[in-house]
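Notes for the structure review
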Amino acid sequence: MFGFQRVGDLSWAAGDLQARGFLIGGTSGRTTLNGEGLQHQDGHSHILAGTIPNCVTYDPTYAYELAIIIQSGLEEMYVKKMAKYYYITVMNENYIQPEMPKGCEDGVIRGMYLLKKNSKKTSKKVVQLLGSGTILREVIAAAEILKADFGVESDIWSVTSFNELRKEGLATTRWNLLHPEDTPKVSYVNECLDKTVGPVIASTDYMKSYADQIRDYVPRRYAVLGTDGFGRSDTREKLREFFEVDRHFVALAALSALAEENIIETKIVSQAIERFGINPEKPDPFNA
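Quick look at the structure, then.

The rules we used
- Residues numbered from 1 in each chain as written.
- Predicted model: local features only at pLDDT ≥ 70, side-chain atom pairs only at ≥ 80, totals over all residues.
- Heavy atoms only, no water.
- Helix = DSSP H or I, 4+ residues; strand = E, 2+ residues; numbered from the N terminus.
- Rg over C-alpha atoms; globule rule 2.2 N^0.38 Å.
- Buried < 20%, exposed > 50% of the residue type's maximum accessible area, 1.4 Å probe, protein only.
- Contact = heavy atoms within 4.5 Å.
- Areas by Shrake-Rupley, 256 points an atom, 1.4 Å probe, with all protein chains shown as cover.
- Lys, Arg positive; Asp, Glu negative; His and termini not counted.
- Charge placed at Lys NZ, Arg CZ, Asp CG, Glu CD.
- Polar contact = N/O pair within 3.5 Å; in protein donor to acceptor, adjacent residues only side chain to side chain.
- Core = buried A, V, L, I, M, F, W, Y, C linked by side-chain atoms within 4.5 Å.
- Disulfide = S-S within 2.5 Å.
- Salt bridge = Lys/Arg side-chain N within 4 Å of Asp/Glu carboxyl O.

1. A short note on the overall build of the chain
Secondary structure assignment for the chain yields twelve helices and eight strands. Relative to the compact-globule value of 19 Å for 288 residues, the chain shows a C-alpha radius of gyration of 19 Å, a close match. C-alpha atoms of the chain, sized along the principal axes, occupy 55 × 50 × 35 Å. Counting only residues that meet the buried cut, the chain has 49% of its 288 residues in that class. Counting only contacts in the chain whose residues sit at least 6 apart along the sequence, the fraction spanning at least 24 positions is 75%. Summed over all atoms, the accessible surface of the chain reaches about 14,100 Å², with 53% contributed by carbon and sulfur. Of the charged side chains in the chain, 33 are positive and 38 negative; the average position of the first set lies 3 Å away from that of the second.

Written as C-alpha cells, this is what we have:
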C-alpha cells in the first residue's frame, strides 16, 4: 500500500516525467501482511496504479512470471526506449515454485495464460478459475475441492495483470468503433476464454473492482471475489476467510454460478456452505 498510496504524487510525477524503471510493491495484497492491521494492508495499489497511463502493472504469483516480466520490461524501456515504468507486486509468503509451462511467455506479458487445463471435451460440469498473486494458490486448492467433493472440473488461469488486460480490451473496443466496416477485432480476454466452457470466477487479494474491470470482455457469466474493506490483524488463513477469498469461497462462488446456469441443483450450494462451515450471517467484510 505504501507503494502507491503514501507516494501517490511521486508515482504520478514519475509517469509525467517519463521515468523508466521498476517499482516493486513488497508484501502486497490485503491478506499477505497479516500483522499490520487496518491501514497498512494493500488492497488497492493496482487500482491506483492503473490511473497512470504509462505505468505498466503486474501481480505475478511465481518466480518465472516475475523473470519474464522483468526481461520484457528491460526490453521495452531500455532497448525499445518506450517511455513507461513498471509497478510489480510481490508477496512475503514461502511456497513451492513450479517449473515454467512451455509457451507461457506471451500470456504472462499480455496478462493471463492457461496454467492448467483439467476439463475434457466430455466434462459436463466445468468452470474457469482466474487468480492472481497469492490468491492463485487458493484458486488451485479450490479446484481440487471442486473435483474431489462435487465432480466439477476447473481450468485454472494465472492472471498476471487485470490492468493490462483492461488496457488491451479498451484499445480493441476503440479500434472496432473507428473501423465499423472492417472485421471486428477480439479482445485478448475473449480470445483466451472463447473456446472454453463454463462460468468464469476471478479471485484476487485486491478490491473487487480490480478484477471486475475486464467484465466487458468475458464472454460468459463472470463472478468476482476480492478484499473490499479495511485490513485486519490475524493469520493469513483467517483473513482470507474473513474477506471471502479463500479456497472455500472460491469453490462456493463456482458452485453458485453453476447453479444459476442450471448445471447443478441449488441445494448443492447450500450443502457446500454447510460442509465448508461458512456462517451465512457473517458480517460483510466491507462494513465490518
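2. Comments concerning the environment of K125
Looking at the element boundaries, K125 is found in the loop between β4 (112–116) and β5 (126–131). Residue class for K125 comes out partly exposed when judged on its relative accessible area of 28%. When the C-alpha positions of K125 and C192 are compared, they lie 19 Å apart, and in sequence the two are 67 residues distant. In contact with K125, other than residues within four places in its own chain, are F150, G151, V152, E153, I263 and I264. Within polar-contact distance, the side chain of K125 engages the backbone oxygen of F150 at 2.9 Å.

3. Some thoughts on the nonpolar core
By size, the foremost hydrophobic cluster in this structure holds 46 residues, and its most contacted members are L129, L146, F150 and L255. Looking at this core, the elements that each hand over two or more residues are β2 (55–58), α4 (63–79), β3 (85–89), β5, α6 (135–150), α11 (247–260) and α12 (266–275). Setting aside its immediate chain neighbours within four residues, L129 contacts V139, A143, L146, S154, D155, I156, W157, I201, V250 and A254. Among the nonpolar cores identified, the runner-up in size contains 20 residues, and M112, L165, L193 and I214 belong to it.

4. A look at the state of the cysteines
Tallying each qualifying case throughout the model produces zero disulfides. The thiol of C192 is unpaired, and the distance to the nearest cysteine sulfur, on C104, comes to 13 Å. C192 gets classed as buried once you look at its relative accessible area, which sits at 14%.

5. What to know about the pattern of salt bridges
Considering all chains together, one arrives at 17 salt bridges under this definition. A salt bridge links E153 to K147; the shortest N-O distance between them is 2.7 Å. The class of E153 is buried, set by a relative accessible area of 10%. Overall, K147 belongs to the partly exposed group, its relative accessible area being 45%.

Purely spatial values, then, with no claim about function.
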